[in-house]
Amino acid sequence: MNKIAIKITCLAIIATSLAMFACTDKTEDETEVGLINGHEYVDLGLSVKWATCNVGAASATDTGHYYAWGELETKSDYTDVNCTTFGKQMGDISANPLVDVANAKWGGPWRMPTKTEFEELINNCSWKWMKNGNTYGYLITGVNENTIFLPAGGWKTGTSTLRVDENGYYWTSTPDEEDVERSFYLNFMTGDRNISCYRRYDGMQIRPVAE
């Protein structure tokens, strides 16, 4: 093989390697986003599209607003006595504009994610704890290398906001069928994420999804 042929072959190998790297190491800035009702979403290669920010947030790193489960407005004091869903027998509230704040505030097809959809996010994506700007949380990378960021905004109980930048608390739309005072939520901290049940009157964040 002459020198020209060797040079061309080497250049081709380098170009191929660079192309493979670009396709398999997509950064947060390279993630493709779409719009529904003026709100951005990302396709992570899952069963639903995930919004890029929380309800009430101005950006992906903004924690947004805190809502009691099944309520549409924020408040200054999160207690059992002022919670409209505490102790009530209810089915899944996803896409019901009377009790699903994502659907009520953003319009259809936006809605709260179900317990199953959060489990899919945990089981089928990679999670990296990081500081994004001034906010701690998880960078979540989907099966197609697209990403979203979930801020660790803590939660509200009574008049207090607790564990900001330490834990993330996100309501699902799924109630606990065995306890009318509790519903399922995503809880995460550095090195751990799980789905648990908690009392409905505490304020948590909402990350909408769409079909």
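Residues numbered from 1 in each chain as written. Predicted model: local features only at pLDDT ≥ 70, side-chain atom pairs only at ≥ 80, totals over all residues. Heavy atoms only, no water.

Draft legend 1. How the structure looks around the overall build of the protein. Of regular secondary structure, the protein possesses three helices and twelve strands. Across the 211 residues that make up the protein, the buried fraction comes to 45%. By element, 52% of the accessible surface of the protein is carried by carbon and sulfur atoms, the whole surface being about 10,400 Å². (Helix = DSSP H or I, 4+ residues; strand = E, 2+ residues; numbered from the N terminus. Buried < 20%, exposed > 50% of the residue type's maximum accessible area, 1.4 Å probe, protein only. Areas by Shrake-Rupley, 256 points an atom, 1.4 Å probe, with all protein chains shown as cover.)

Draft legend 2. Representation of the nonpolar core in the model. Counting residues in each nonpolar core, the largest one holds 22 residues, and the members touching the most others are V55, M112, W171 and I206. Only α2 (101-106) and β9 (168-175) provide two or more residues apiece to this core. Looking at this core element by element, the count peaks at three residues for α2. By size, the runner-up hydrophobic cluster in this structure holds 19 residues, among which are F118, L121, I122 and W127. (Core = buried A, V, L, I, M, F, W, Y, C linked by side-chain atoms within 4.5 Å.)

Draft legend 3. Region of interest: unusual backbone geometry. A cis amide bond links G108 to the next residue, P109, at an omega of 5°. Its identity as a non-glycine residue notwithstanding, N37 has a phi of 55°, on the positive side. Tracing the chain through its elements places N37 in the loop between β1 (33-36) and β2 (39-42). In the Ramachandran plot, A95 falls in the positive-phi region, its phi being about 75° despite a non-glycine side chain. Following the sequence through the fold, A95 ends up in the loop between β3 (49-51) and α2. Under the relative-accessibility criterion, A95 is labelled partly exposed at 40%.

Draft legend 4. The pairing of strand β5 (residues 135-141), seen in detail. Burial analysis of β5 places six of its seven residues in the buried class, which makes it a mostly covered element. Looking at chain direction, strand β4 (residues 126-132) and β5 are connected through seven bridges and run antiparallel. The residue bridging K128 from the neighbouring strand is L139, located in β5. Here β4 folds back onto β5 in antiparallel fashion, the turn holding two residues, of which G133 has a positive phi close to 70°. Relative to strand β6 (residues 147-151), β5 runs antiparallel, the two being bridged by five bridges. Paired with T141 across the bridge in β6 is T147. Where β5 folds back onto β6 in an antiparallel hairpin, the turn is made up of five residues, including E145, whose phi is positive at roughly 75°. (Pairing = 2+ DSSP bridges.)

Draft legend 5. Geometry of the sheet that holds strand β12 (residues 209-210). Strand order in the open sheet made by the four strands is β1-β2-β3-β12, with antiparallel pairing throughout. Each edge of the open sheet carries a strand with a single partner, namely β1 and β12. Judged from the two bridges that link them, β2 and β3 form a sheet pairing that is antiparallel. By the bridge assignment, V42 is partnered in β3 with W50.

Draft legend 6. Region of the structure containing the sheet that holds β5. In spatial order, the strands read β4-β5-β6; together these three strands make up an open sheet with antiparallel pairing. Both outer strands of the open sheet, β4 and β6, are each paired with one neighbouring strand and no more. Geometrically, the sheet is characterised by an average inter-axis angle of 30° between neighbouring strands, direction not taken into account. (Axes fitted to C-alpha atoms, helices over the stretch in contact; angles between N-to-C directions.)

Draft legend 7. A look at the packing of aromatic side chains. By the definition in use, this model includes 13 aromatic pairs. Between W106 and W110, the ring centres sit 5.1 Å apart and the planes meet at 85°, which makes this aromatic pair edge-to-face. There is no split in this pair, since W106 and W110 are both buried. Here W129 and Y136 contribute two aromatic rings whose centre-to-centre distance is 6.3 Å and whose plane-to-plane angle is 15°, an arrangement assigned as stacked. Overall, W129 belongs to the partly exposed group, its relative accessible area being 24%. An aromatic cluster is present here, built from W127, W129, Y136, Y138, Y170 and F188 joined pairwise through their rings. Cation over ring: K115 sits above F184, and NZ or CZ is 5.1 Å from the ring centre. The ring of Y66 carries the charged tip of K156 above its face, separated from the ring centre by 5.2 Å. (Phe/Tyr/Trp six-rings, centres within 6.5 Å; stacked < 30°, edge-to-face > 60°. Lys NZ or Arg CZ within 6 Å of the ring centre and 35° of its normal.)

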